[in-house]
Amino acid sequence: MTESDQIHIIAAIVEHKPGVLYRVSNMFRRRGFNIESITVGPTEEDGLARMTLTVKGDEYLVEQVVKQLRKLIDVVKVSRLLSGETVVREMALIKIRTVDAKARTDVVNYVEIFRGRIVDVAHESMTAEITGTPDKIDAFIELMRPFGILEDARTGITALSRGLKSVKVEA
Amino acid sequence: MTKPIARSPSMNAEDMETIRMMGSRALLEALKREGTKVIFGIPGGAIMPVYDALLDFDIRHILARHEQCAGHMADGYARASGSVGVCMATSGPGATNLVTAIATAYMDSSPIVAITGQVTRAMIGKDAFQEADIVGITTPITKYNYQVMAAKDIPRIVKEAFYIASTGRPGPVLIDLPRDVQTEEDEIPFPKSVKVRGYNPSIEPHPLQVKRAVDLLVQAERPMILAGGGVHISGAYEELLALAELLNAPVATTLMGKGCFPENHPLSLGGVGMHGTREANLLILEADVLLAVGTRFSDRTTGRLTEFCPDAKIIHVDIDAAEIRKNAKVDIPIVSDAKKALKSIYGQILQMALKRQPSLWLKRIEELKAQLNEEATSTGASLKPKEIIKTLRRLLPEDAIVTTEVGQNQMWAFLHFQVIKPRTYITSGGLGTMGFGFPAALGAKVAKPEVPVVDIAGDGSFIMTEQDLATSVMEHIPVTVLILNNSVLGMVAQWQRLFYNRRYSNVYLGRIPDFVKLAEAYGAKGERVEALPDLEEAISKAIKSDVTTVIDVPISPEENVFPIVPAGKALKEMLWE
Ligand SMILES: Cc1ncc(C[n+]2csc(CCOP(=O)(O)OP(=O)(O)O)c2C)c(N)n1
């Protein structure tokens, strides 16, 4: 892997109000940065949301991304999450074609191995919920391909640093 | 306190006054409390409630003839005075007409607050008559923007807008005001202070970085200072002068920095970059330490970056952390207000009580300046741009303000108009907006009515905003427009001449209109001058006149601006003539 296709994870605490996602994504577009994935959700703290962004690129690029994010008025705090010190998770819903009983048992077995769950069963399909690192989800999807994947939805990465370190905003 | 107010995350509720009133009045009251004395604008449907309320407020409104001009006027006002300029427009086309002016202010970090009317809250998103998503449109060209959804938020938003526009690295802030928010009556709180938690503009220079900078500077044999617009913004003039003299370091400025160091000082090299002076562009290549202050290393300043300052260690002081290492590789970054950083660098060097010998470096600078600045006396039929600009300088008092249009006129002014006092040279550096100079001159004159204001113009640029001659006459804002009339889009013609084998494409303007008649049509004065004594007389009269004067000076269409560093080339590839 070269330095320029390294994946970097950035966590940003932002004001939880309309237009903030637009400001962030607009900045990325305008500066020519590519976002690999972005997830957003409210946080424990009042009026704040947390964004987890992954970008692909070299050190120069991540430094620029972090600085441009910090410059946005609605972005309250930005941290880089270093692999090794970070818990990274993604969730995926995958709808698989299960034409017969054998296919159904096979899928159920695989889902169990991946510590996932079956969340929907129909006559000719099953939907699995898998949580883990993006690699793990990739591997599961690979295994399901021969059955036929009818549809899949992935959340993108969300992440927290291990231990006491945090990106929280001090009150 | 009348009733409890919901605590907004960005507001100190400690002590605030609450008044029952309409949104439109709350806006004007809040502007007044921020010190606004004048608004530049044009009314229209979606902003009518504010214009109606304006009749009852002691705020001067200057009716522009195009919203772009209203925006540039606010910008010129801000740049001349250092305080926030305010402009106002209606929704839709009024708002979109402001866009060029907002982008211009953004690129040059100028503090303006733009207020736009918007369709009613219920109509937003329905493609209503004169609806434009001005918040979406201006997001990448404002420091911040707001759409106000309740009248009670207006004073807080106005206060935040002024705070954000004028602190840190300044910039434009837009407030979009739906029409029914203007007419909404409510108990409206006026906060005394605001706090924006994602925004911290006051940054102290890091002591360790300052120490490292000091070490580099005192050891330098050929130190040089590159001063940008940030020096003007932070008012670091005295600190810059003191440090340059202490270090015996020559000072070159960017286009935006022009005038932050007196250009008649022996250490001044004038401007650097695409149309920098020969001495600045040559000496910067020889420097061993470059202290860059309040500059973003724009491509117009540095030329091809890989060959900019090849031998120098670079210290970069900027208040905007995102500017550090965005363009240039720097050895010592200092994120700080220019004044604070220069002050502490100066203080530390002073304590070391260095004895600086008159160095070889100083001798080299003196000799080069002497050699390069032999006056070339002009011959030929028409007046030479350099002569015209130098004549203007000679006739203007030191505190007179000059604005420029864009193109050759701007670069001749950059090269030949010696600026001595800060904030007296106003130009659209970052966006390069033709048509900026004239309305900016009007704004500057409103801010500084006691000094003469002159727009150094090209014919092509002036045509873009000349309709605001009407504003200057009606509102009694007398300025001088000095047109270097080459009958072409000169800078484009110059590039076609130099880089496109003289294949002239769409640059000929044909000396239309007759600018003397044009001025007269608006009730302004017009003069055409072709000889030096006439020029002197026309300028002397114009700057004392109580009505705007347009001086049309025909020059040859073949004039070039030299030196020039061709786009994408290194400074050392500068063409001398
Ligand atoms: C609004 C705008 N349109 C186009 C340009 C591109 N442009 C740069 S300089 C120039 C010519 C300017 O002509 P004029 O105002 O006559 O000035 P001169 O160069 O002749 O002094 C043009 C068209 C610009 N900078 N701004």
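Per chain, residue numbering runs from 1 following the sequence as it is written. Throughout, the order in which chains and ligands are written sets their labels, letters from A for the former and numbers from 1 for the latter. A pLDDT threshold of at least 70 governs which residues receive local features in this predicted model, and a stricter bar of 80 or more applies before side-chain atom pairs are shown or counted, although totals over entire chains, interfaces and linings include all residues. Processing note: side-chain calculations cover all non-hydrogen atoms of the structure and skip hydrogens and water entirely.

1. Observations concerning the site of the ligand
Residues and elements named next belong to chain B.
Step number 1: One heavy atom suffices: a residue is near a molecule or strand as soon as one of its heavy atoms comes within 4 Å of it. Around the ligand there are 17 residues in total, and Q408, G460, S461, N486 and G490 lie nearest to it.
Step number 2: Any pair of N or O atoms that falls within 3.5 Å is considered a polar contact. Within protein, one atom must be able to donate a hydrogen and the other to accept it, and sequence-neighbouring residues count only if both atoms are side-chain atoms. In the model, a nitrogen atom of the ligand is placed 2.9 Å from a nitrogen or oxygen of the G432 main chain.
Step number 3: Side-chain polar atom of S461 to an oxygen atom of the ligand: 2.6 Å apart, as the coordinates give it.
Step number 4: Areas reported here follow the Shrake-Rupley algorithm with a probe of radius 1.4 Å; residue values treat only the protein chains shown as occluding. Its free accessible area being 580 Å², the ligand has 76% of it covered by the protein chains.
Step number 5: In DSSP terms, a helix is any run of H or I states spanning at least four residues, a strand is any run of E spanning at least two, and both are numbered starting from the N terminus. Sorting the residues of the shell around the ligand by element identifies α17 (408–416), α19 (459–465) and α21 (490–499) as the ones contributing at least two each.
Step number 6: Per-element accounting of the shell around the ligand gives the leading share, 4 residues, to α19.

2. Quick look at a nonpolar patch on the surface
All names here are of chain B.
Step number 1: For patch detection, residues must exceed 30% relative accessible area and be free of salt bridges, and they are connected within 9 Å for like charges or within 5 Å for nonpolar side chains (Val, Leu, Ile, Met, Phe, Trp, Tyr). Whenever Lys or Arg places a side-chain nitrogen within 4 Å of a carboxyl oxygen from Asp or Glu, that contact is recorded as a salt bridge. Side chains of F499, Y500 and L575 sit close together on the surface and give an oily, nonpolar patch of about 280 Å² of accessible area.
Step number 2: Summarising the element assignment, F499 is placed in helix α21.
Step number 3: When a residue's accessible area, from a 1.4 Å probe over protein chains only, is under 20% of the maximum for its type it is buried; when over 50% it is exposed; and in between it is partly exposed. According to the relative accessible area criterion, F499 is partly exposed, its value standing at 32%.

3. Some thoughts on the domain arrangement of chain A
Residue and element names in this part refer to chain A.
Step number 1: The domain boundaries here were taken from an automatic or database domain assignment. Split into domains, chain A comes out as domain 1 (3–81) and domain 2 (87–158).
Step number 2: A separation of 29 Å is found between the C-alpha centroids of domain 1 and domain 2.
Step number 3: Note on contacts: a residue pair qualifies if any of its non-hydrogen atoms lie within 4.5 Å across the two residues. On the side of domain 2, 5 residues touch domain 1, which itself brings 5 residues to the contact.
Step number 4: Note on terms: buried area is the combined drop in 1.4 Å-probe accessible area of two parts once they are placed together, counting the loss on both. Across the interface of domain 1 and domain 2, roughly 380 Å² is buried in total on both sides, 66% from carbon and sulfur atoms.
Step number 5: For domain 1, the biggest contributors to the area lost against domain 2 are I9, T39 and T52; these three give 70% of the whole.
Step number 6: There are 0 salt bridges connecting domain 1 and domain 2.
Step number 7: Taken together, the links from domain 1 to domain 2 amount to 1 residue pair in polar contact (both at pLDDT 80 or more).
Step number 8: We call Asp, Glu, Lys and Arg charged. Ala, Val, Leu, Ile, Met, Phe, Trp, Tyr, Cys and Pro are nonpolar, and the rest, Gly among them, are polar. Looking at side-chain class alone, the side of domain 1 that touches domain 2 contains 1 nonpolar, 4 polar and no charged residues.

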